[in-house]
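Coordinates in review
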Amino acid sequence: MNKKIILIAEDDEIMRSALTNALSHEGYEVRTADDGSEAWEQYHNNDIDLVLADIKMPKMDGIELLKEIKKTNYETIVILMTAHGRIPDAVEAIKLGAYDYITKPFLIEELLMLIQRAFELYLITDRTSEIAKFHNIVGRNKEMQKIYQLIETIAPGDSSVVIYGETGTGKELIAEAIHYMSKRKDKPFIKISCGGFPETLLESELFGHEKGSFTGASERKTGRFELAKDGTLLLDDIDDLSLTAQVKLLRFMQEKKFERVGGIETIEIDVRIIAASKKDLRQEVAKGRFREDLFYRLNVIPIFLPSLRERKDDIPFLANHFLGHYADALNKKVERFSSHALNILLDYDWPGNVRELENVTERAVALCKGAEVMPEDIMPSFGSRKSLRSGKIIISPDLKPA
């Protein structure tokens, strides 16, 4: 296994030497720089895995170094060292994409543990790169990392899964990830919204119908279950499924058999069921709106997706990911968010979750006139000032960058 390369940017020679010795002793390959400018040059000329930088340095401070590194490669791990009096700068650095900060004076063991955790986290992300290709679910948030690991564990099996989360959190993408990491990946992945059809038509959509089975049934229709044969069926908005349809779904889950509407032929198929719900199904059972026996059939493995406001540490990562995607798609040379624009994204509560962030980023890239997304490129996405109230601030439409 190749040694990890760490760049130390520290203007204090004694501290720099002590850090170099400690990290070298742990098996890391170390590069050093005594100011921010030299660190930036070293970063460009070497394949650096992690940057450990003091915030206060001559020529280019740690915050500026962080910004330049993130413009070049947002994936690079950056840990900042700071004195007690500069903690607000360190918090700002987290918003700009730093992995973490450590306050001087610190024990070397504390730093080594922080570096080890950072590399372990990024190793998890590397292992889940197949998941990460479903772009809306990438992120560094600890809860999301647990979900990625859970997907790796459950994907090879056939157990039913229920994915819980607010609208826009990426439930469908999680379902896709489970399917494409499973043994069924070469078979169909079929989805249907249980709330997207009238009750009278949903049974036909799910199970199909025979010609002449009802008015307008001019030919045989193949249902979603048949289409998903040997693959995976996603039942989105399962909480909208009527009690009548729940009975028919329960029968299929018990017997793996069904008949088309108006048909007498019993069809037996193998299909994995994944459901997605915006409501807590256990509470729906308690209210009498969801069958308890079906709940236990479906809810073998529950996955709870956090809202974007619960994983705000992922906003810079996601926003920059979407920015790169839409800059390419729209053929625009937009490279980054200004720090002021990024702060606006961080201060907003995102009721539409990741889907809304993607929409805002696409519009910002389309409106951006330079290399950097500015606050005025973001503001049209939010509409009125009232809609931008988010805890501590009210963002004004005439807001200008500081």
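Rules used in this analysis
- Residues numbered from 1 in each chain as written.
- Predicted model: local features only at pLDDT ≥ 70, side-chain atom pairs only at ≥ 80, totals over all residues.
- Heavy atoms only, no water.
- Helix = DSSP H or I, 4+ residues; strand = E, 2+ residues; numbered from the N terminus.
- Buried < 20%, exposed > 50% of the residue type's maximum accessible area, 1.4 Å probe, protein only.
- Contact = heavy atoms within 4.5 Å.
- Areas by Shrake-Rupley, 256 points an atom, 1.4 Å probe, with all protein chains shown as cover.
- Pairing = 2+ DSSP bridges.
- Axes fitted to C-alpha atoms, helices over the stretch in contact; angles between N-to-C directions.
- Phe/Tyr/Trp six-rings, centres within 6.5 Å; stacked < 30°, edge-to-face > 60°.
- pLDDT = per-residue confidence, 0-100.
- Patch = residues over 30% accessible without salt bridge, like charges linked within 9 Å, V, L, I, M, F, W, Y side chains within 5 Å.
- Salt bridge = Lys/Arg side-chain N within 4 Å of Asp/Glu carboxyl O.
- Lys, Arg positive; Asp, Glu negative; His and termini not counted.
- Charge placed at Lys NZ, Arg CZ, Asp CG, Glu CD.

Observations concerning the overall build of the chain
Helix and strand counts for the chain come out as 17 helices and 14 strands. Buried residues in the chain amount to 50% of all 402 residues. A fraction of 68% describes how many contacts in the chain between residues 6 or more apart in sequence connect residues 24 or more apart. As displayed, the chain offers around 19500 Å² of accessible surface, 49% of which is attributable to carbon and sulfur atoms.

Quick notes on the sheet that holds strand β5 (residues 100-103)
The five strands are arranged β2-β1-β3-β4-β5 in an open sheet whose pairing can be described as parallel. Each edge of the open sheet is held by one strand with a lone partner, namely β2 (29-33) and β5. Strand-to-strand twist of the sheet, defined as the mean angle between neighbouring strand axes without regard to direction, takes the value 20°. The pairing of strand β4 (residues 77-82) with β5 spans four bridges and is parallel. Looking at β5, one finds that M81 is bridged to I102. Sitting on the sheet, helix α1 (residues 13-25) touches β1 (5-9), β2, β3 (50-54) and β4, and the angle it makes with β2 is about 170°. Here helix α3 (residues 62-72) sits on the sheet in contact with β1, β3 and β4, set at roughly 175° to β4.

What to know about the packing of aromatic side chains
How two aromatic rings sit relative to each other is set out by the distance from centre to centre and by the angle between their planes. Taken as a whole and assessed by the stated rule, the structure comprises eleven aromatic pairs. With 5.9 Å between their ring centres and 10° between their planes, W40 and Y43 make a pair best called stacked. With W40 and Y43 both in helix α2 (residues 36-45) and three residues apart, the pair spans about one turn of that helix. Both residues of the pair, W40 and Y43, belong to the buried class. Members of the aromatic cluster, joined through ring pairs, are F207, F225, F252 and F258.

A short note on the confidence of the model for the chain
Here the chain averages 84 in pLDDT, and 88% of its residues register 70 or above. Across residues 384-402 the pLDDT falls below 50, and counting only partners more than four positions away or on other chains, this stretch makes 31 contacts in the model.

Regarding a negative patch on the surface
There is a patch of like negative charges on the surface, built from D11, D12, E13 and D34. With respect to the secondary-structure elements, D34 resides in the loop between β2 and α2. What makes D34 partly exposed here is its relative accessible area of 34%.

A short note on the pattern of salt bridges
Evaluation of the coordinates by the stated rule reveals 29 salt bridges. Among the ionic pairs, D239 bridges to K278, the shortest N-O distance being 2.9 Å. On the criterion of sequence distance, the pair formed by D239 in the loop between β8 (232-236) and α11 (243-255) and K278 in the loop between β11 (272-277) and α12 (281-286) is long-range, its members being 39 residues apart. Residues R336 and E335 are paired through a salt bridge, measuring 2.8 Å at the closest nitrogen-oxygen approach.

So, the pairing of strand β6 (residues 161-164)
The side-chain alternation of β6 yields two buried faces, one formed by V161 and I163 and the other by V162 and Y164. In terms of strand pairing, β6 meets β11 through four bridges, oriented parallel. The residue of β11 that forms the bridge with V161 is I274.

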